[in-house]
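A look at the structure
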Amino acid sequence: LSVIEQVEPRIADATRAELADQRASLKLIASENYASPAVLLTMGTWFSDKYAEGTVGHRFYAGCQNVDTVEALAAEHARELFGAEYAYAQPHSGIDANLVAFWSILAHRVETPTLADHGAKTVYDLSEQDWEKLRRAFGEQRALGMSLDAGGHLTHGFRPNISGKMFHQRSYGTDPETQLLDYDAVRAAAREFKPLVLIAGYSAYPRRVNFATMREIADEVGATLMVDMAHFAGLVAGKVFTGDEDPVPHAHLTTTTTHKSLRGPRGGLVLATKEYADSVDRGCPMVLGGPLSHMMAAKAVALAEARTAEFQTYAQNVADNAKALADGFLRRGAKLVTGGTDNHLVLLDVSGMGLTGRQAESALLDAGIVTNRNSVPSDPNGAWYTSGVRLGTPALTSRGFGTAEFDRVAELVVDVLTNTQPAATKSGAPGKAKYVLADGVADRTKAASGEL
Ligand code: PLP
């Protein structure tokens, strides 16, 4: 930091402040973690200065021999760890990984026969008219993914994201009673909609998914199964999710971020079966430019960490701690979406406490507990105010918290929320944004969390 200080002291200050905040607060954001010093250090090396468009051994720049070593190692670790036939380590983030996967599915399933039909080897051999037909064919494809309020992700075909502009999209939700994934409803939607891509995976669904069943559904309608395991990749790597709950043997393509439960650097990965390898390999130049070689190096380090017995213990602890957190909430009368959890996250429904998710998130932050508001299924408060708060265990498990500490976390959260009231609006009705936290609660919570 002293080096940074000399160039832009405000960045050095902000960095110190961020470290202080992360140390002082209880980090319960389900998508965050604490990367190891080895991972953090690998991100800040001279690989950052190198251009290396292309793939391993096939670059558009000279002098990429060391980047080749890094990228090959990241891919090899990913293949071995997840048992994948092919791995692509270049995506800069989860959204990039999904874009690469979507375009590779389109290229594999739509472009290839069209090129062959026209006796063309590459897109440049096509006439303008044929190219136009092909562009239109891409725009006619369909994707079926989990609805946002049931826990799906924006990149799964929703309108504010480019995926919603690429595909005609339809969603499957969860059972209105149990809030659990209803595979019969997914099957019925797939039969009717006949998607090119069936997307499984989530950001805020607190349960495991049976990927064998999802593959059966995909096969029945001729869809490609793409699983986005961004949130639970650490539980797959740590062998907590195995058999039907492990997406990799069942999906044609599996995408992930590397920075959530996997505890690596910010970034993405695409895993695929051999048949999709060539089209995924064209991620650059399809949707990516020069790879972030320093980040691929850090991914290789994180994946090497994730191969260890220690990581398996960590992953099991993440799941055990989520269960302890959920049980702690239920024992104190709080309401949870689906009534519990069997992964790394808990979705608290705060509507019964008279609060919106936004009020709950803000009051918790005042008390040093960092969470994010989240929709619950069929949320009457919409995606901005919401009625839920999502809490995850990966980060605090990295800090060494066990089930007793997570029970105490549940107690602190309930203490804050039961001492928070919505502030009245001018008309006297309770508002959706402002809130009043009872005196003393924030100090009490911060003191208690400092002891944890
Ligand atoms: N996919 C899922 C399921 C996610 O939860 C997220 C991020 O929250 C992403 C993709 C996007 O990842 P990134 O923020 O790295 O682009």
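Residues numbered from 1 in each chain as written. Predicted model: local features only at pLDDT ≥ 70, side-chain atom pairs only at ≥ 80, totals over all residues.

Turning our eyes to something else, we now look at the overall build of the protein. Of regular secondary structure, the protein possesses 19 helices and 17 strands. For 452 residues, the compact-globule estimate of 2.2 N^0.38 gives 22 Å, and the C-alpha radius of gyration of the protein, at 23 Å, lies within 12% of that figure. Every one of the 452 residues in the protein was classed for burial, and the buried ones make up 49%. When contacts within the protein are restricted to residue pairs at least 6 apart in sequence, those whose partners lie at least 24 apart make up 73%. (Helix = DSSP H or I, 4+ residues; strand = E, 2+ residues; numbered from the N terminus. Rg over C-alpha atoms; globule rule 2.2 N^0.38 Å. Buried ≥ 20, exposed ≤ 12 C-beta atoms within 10 Å, placed from the backbone. Contact = placed C-beta atoms within 7 Å.)

Moving on, we come to the packing of helix H4 (residues 65–82) against helix H13 (residues 293–306). Their axes nearest at 8 Å, the elements H4 and H13 cross at an angle of 35 degrees. Once H4 is placed against H13, the crossing between them reads as left-handed. Residues Val67, Val70, Glu71, Leu73, Ala74, His77, Ala78 and Leu81 of H4 touch H13, and the partners they reach there are Ser293, Met296, Ala297, Lys299, Ala300, Leu303, Ala304 and Ala306. (Axes fitted to C-alpha atoms, helices over the stretch in contact; angles between N-to-C directions. Left-handed = near helix turned anticlockwise from the far one by under 90°.)

Another aspect to go through is the UniProt feature "modified residue: N6-(pyridoxal phosphate)lysine" (unreviewed entry) in the protein. If you check UniProt for "modified residue: N6-(pyridoxal phosphate)lysine" (unreviewed entry), the listed places come out as Lys260 in our numbering. For lysine 260, the residues in contact, after removing those within four places along its chain, are Ser31, Asn33, Ala230, His231, Ala233, Gly234 and Pro394. (UniProt positions renumbered as here; feature names shortened; annotations may be inferred.)

Another point: the site of the ligand. Surveying the vicinity of the ligand reveals 13 residues, the closest of which are Ser93, Gly94, Ile95, Ser203 and Ala230. Among the elements that make up the shell around the ligand, the one with the highest residue count is helix H5 (residues 94–117) (three residues). Each residue belonging to the shell around the ligand can be placed in one class, and the counts come to two nonpolar, 10 polar and one charged. (Near = placed C-beta within 6 Å. Nonpolar A, V, L, I, M, F, W, Y, C, P; charged D, E, K, R; others polar.)

Strand order in this open sheet of seven strands is S4-S10-S9-S8-S7-S5-S6, and the pairing throughout is mixed. A strand with exactly one partner marks an edge of an open sheet, and here the two such strands are strand S4 (86–88) and strand S6 (168–172). Pairwise comparison of adjacent strand axes, ignoring direction, gives a mean angle of 20 degrees for this sheet. Bridge count for strand S5 (residues 142–146) against strand S7 (residues 197–201) is two bridges, and the pairing is parallel. Residue pairing for S7: alanine 143 is matched across the bridge by valine 197. (Pairing = 2+ DSSP bridges.)

To continue, consider the UniProt feature "site: Plays an important role in substrate specificity" (unreviewed entry) in the protein. Here, the residues flagged by UniProt with the feature "site: Plays an important role in substrate specificity" (unreviewed entry) are His259. Looking at the element boundaries, histidine 259 is found in the loop between strand S9 (253–257) and strand S10 (268–272). Not counting the four nearest positions on each side in its chain, histidine 259 is found in contact with Asn33, Gly264, Pro265, Arg266 and Gly267.

As a further point, take the packing of helix H14 (residues 309–331) against helix H18 (residues 403–418). Packing of H14 against H18 brings their axes to within 8 Å, and their N-to-C directions diverge by 40 degrees. Crossing handedness for the pair H14 and H18: right-handed. Residues Asp320, Asn321, Ala324, Leu325, Gly328 and Phe329 of H14 form the contact with H18, whose own contacting residues are Thr403, Phe406, Asp407, Val409, Ala410, Glu411 and Val414. Its residues placed into classes, the contact of H14 with H18 shows seven nonpolar, three polar and three charged.

Once that is clear, we can look at unusual backbone geometry. The phi angle of most residues is negative, glycine excepted, and most peptide bonds adopt the trans form. With an omega dihedral of 20 degrees, the bond running from cysteine 284 to proline 285 counts as a cis peptide bond. In this structure, proline 285 sits in helix H12 (residues 283–286). Unlike most non-glycine residues, threonine 338 shows phi in positive territory, near 70 degrees. For threonine 386, which is not glycine, the phi dihedral falls at a positive 60 degrees. Note on placement: threonine 386 falls in the loop between helix H16 (382–385) and strand S15 (388–392). Accessibility expressed as a C-beta count within 10 Å gives 27 for threonine 386, which makes it buried.

What follows concerns the sheet that holds strand S12 (residues 345–349). Strands pair in a sheet through their backbones, by hydrogen bonds, and they do so in one of two ways: parallel or antiparallel. The strand order across the open sheet built from four strands is S11-S12-S15-S14, with neighbouring strands paired in antiparallel fashion. Each edge of the open sheet is held by one strand with a lone partner, namely strand S11 (335–336) and strand S14 (372–374). Of the pairings in the sheet, the one linking S12 to S15 comprises five bridges and is antiparallel in character. Its bridge partner lying in S15, aspartate 349 is registered against glycine 388. Contacts from H14 reach S11, S12 and S15, with the element oriented near 20 degrees to S12. Each of S14 and S15 is contacted by helix H15 (residues 357–366), which is oriented at about 165 degrees to S14, the strand it contacts most.

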